[in-house]
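Residues per chain, in single letters:
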Amino acid sequence: MHTHCPESLGELRRPLAQDVRRACALRDFFLASGGADMVRAARLLACEDAAGPDLAAADPAQVEFAFNRLFVGPMALEAPPFASVYLEPEPLVMGKTTLSVRGVYHALGLASFLEGSLPDDHLGLELDCAAIMHAALEQRPDRTLSELYAWFVGEHMAAWVPAFAARVEAAASTTPVIAYCVRQLLRWLDEGVAATSGKA
C-alpha cells in the first residue's frame, strides 16, 4: 500500500486535506527505517501544526535508538505498534485482528507492500490505509467507502491507538520527537473519530 499513497496517485485532482497530509506524515514516521527519515516526518508534522515545536536540533541517532527500543526490537518492545497486541485476548501478532485488517485492505483492492514480512495491523500500514480511504472520499463521496472508513478509524483504530499511545508516553525510552508524533497521532485520531461520528 505504501507505494500507492495519495501523494502519488495521479488521478487525484484536489490538494490533499490536512488530515490526509497528517496521516501520511504519521505513516512515514512509524514506517521509517532510519533516524533521518523519522526526524524528516516529524518535521512535516510540525509544519502542519501552528503550535508545532522546533525540531531543528533533533538528533536522528537518538530518535532512531529510542524508536527501535519502543517499536522494532530486537529487545522486548516497550510499545508494540500492532493492533492485535491491544485487541486480542493474548498480546500476540498475526491473530484474527491482523487477518481482519488484511481483509479490509484486500476489499479495497490494496495489499501491503510488506505483506508476509510485517503484520498488516502495524500502525504505519493502518495509517496508510486510512489516508488512502480519506483521500478517495475527498475526491468522490461513496457511501460504502464512507462507512468502511468510519468503522476503520472510528471503531477499529480508536479501540487500540489510545492504549498504544499511553504505553509510548509511559515508556522510559520516549524522546520529545516521538512523544510529539504520538500526540499528533492522538489529535489525528480524535479529529477522525469526531468527523466520522458527525461531531466535527
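This is a predicted model, so every value here is computed, not measured.

## Observations regarding the nonpolar core
Considering soluble globular proteins, one finds that nonpolar side chains tend to be buried as a cluster. Phe30, Met157, Phe164, Ile178 and Trp188 are the most contacted members of the largest nonpolar core, which totals 62 residues. Setting aside its immediate chain neighbours within four residues, Ile178 contacts Phe29, Val63, Ala66, Phe67, Leu70, Phe71 and Val168.

## Looking at unusual backbone geometry
Cis rather than trans, the peptide bond between Gly73 and Pro74 has omega equal to 20°. Mapping Pro74 onto the fold places it in the loop between helix 3 (60–72) and helix 4 (83–87). The backbone phi angle of Met94 is positive, close to 65°, even though this residue is not glycine. Note that Met94 resides in the loop between helix 4 and helix 5 (96–107).

## A few points about the confidence of the model for the chain
With 92% of its residues at a pLDDT of at least 70, the chain reaches an overall mean of 89. Low pLDDT (under 50) marks residues 2–13, which in the prediction has 24 contacts with non-local residues, meaning those over four places away or in another chain.

Thresholds, definitions, all that
Residues numbered from 1 in each chain as written. Predicted model: local features only at pLDDT ≥ 70, side-chain atom pairs only at ≥ 80, totals over all residues. Heavy atoms only, no water. Core = buried A, V, L, I, M, F, W, Y, C linked by side-chain atoms within 4.5 Å. Buried < 20%, exposed > 50% of the residue type's maximum accessible area, 1.4 Å probe, protein only. Contact = heavy atoms within 4.5 Å. Helix = DSSP H or I, 4+ residues; strand = E, 2+ residues; numbered from the N terminus. pLDDT = per-residue confidence, 0-100.

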